[in-house]
Amino acid sequence: MRRVQTTLLALLLAASGAAFAHGEEPHPAKAPQEVKREQKPWGIAGHGKPIKRTIEIKMSDDMRFTPDLLNIQQGDTVRFVIRNTGQVMHEMVIGTKKELDEHAALMAKFPGMEHDEPYMAHVAPGKTGEIVWTFNRSGDFDFACLIAGHYQAGMVGKIKVAAR
Ligand SMILES: [Cu+2]
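In this text, all values refer to a predicted model and were calculated from it rather than measured experimentally.

A. Region of the structure containing the overall build of the protein. A tally of regular secondary structure across the protein gives two helices and ten strands. When its helices and strands are written in sequence order, the protein yields α-β-β-β-β-β-β-α-β-β-β-β. Looking at the 164 residues of the protein, the share that counts as buried comes to 37%. Accessible area of the protein: about 10000 Å², with a carbon and sulfur share of 54%.

B. Quick peek at the environment of Val78. Residue position: Val78 is located in strand 5 (residues 77-84). As a C-alpha pair, Val78 and Thr54 span 24 residues in sequence and 5.7 Å in three-dimensional space. If we skip the residues at most four places from it in the chain, Val78 touches Arg53, Ile55, Ile72, Ile131, Val132, Trp133 and Phe135.

C. View of the confidence of the model for the protein. The pLDDT averaged across the protein works out to 84; a share of 79% of its residues lies at or above 70. Counting interchain partners and residues more than four positions distant, the pLDDT-below-50 stretch residues 1-31 has two contacts.

D. Structural view of the packing of aromatic side chains. Taken as a whole and assessed by the stated rule, the structure comprises four aromatic pairs. Their ring planes at 85 degrees and their centres at 5.1 Å tell us that Trp42 and Tyr119 sit as a pair that is edge-to-face. In this pair, Trp42 is assigned in the loop between helix 1 (2-16) and strand 1 (44-45) and Tyr119 in the loop between helix 2 (97-109) and strand 7 (120-123), connecting sequence segments 77 residues apart. Overall, the relative accessible area of 7% leaves Tyr119 in the buried class.

What counts and how
- Residues numbered from 1 in each chain as written.
- Predicted model: local features only at pLDDT ≥ 70, side-chain atom pairs only at ≥ 80, totals over all residues.
- Heavy atoms only, no water.
- Helix = DSSP H or I, 4+ residues; strand = E, 2+ residues; numbered from the N terminus.
- Buried < 20%, exposed > 50% of the residue type's maximum accessible area, 1.4 Å probe, protein only.
- Areas by Shrake-Rupley, 256 points an atom, 1.4 Å probe, with all protein chains shown as cover.
- Contact = heavy atoms within 4.5 Å.
- pLDDT = per-residue confidence, 0-100.
- Phe/Tyr/Trp six-rings, centres within 6.5 Å; stacked < 30°, edge-to-face > 60°.

Shown next as structure tokens:
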């Protein structure tokens, strides 16, 4: 068992190419998946933290999020339950407008580009996805569907994080 874990770890490290000093970081008690805990201007991955709110978001083929304006208190960890009620793929990506603009431009150029980060969820038609995110910084942020054409069609929402 121990050897299997060591081998897995070695494989993961080789795959990610991550610099890793053993013992640098405590292992999380519970990791449903490998989650990058990188501080972003719009917050940090919230997995493992107590959920303060659950917000349901609907994504539809008229290129709308419902609701598309969210008011959140700084420090809150939010679970987004994101339902795709349409017939085509949609996604929810949280970020600053600048970052989403840049990302959308890339997606328009490379429509098949695959990406995965803890602040995004790609949801197939009829399915539900989830994001758990801690809004530890105040400010005005956006969320968007960056699938080529969707962002350009206005598939964007606003998140206002009020300072505590
Ligand atoms: Cu979309």
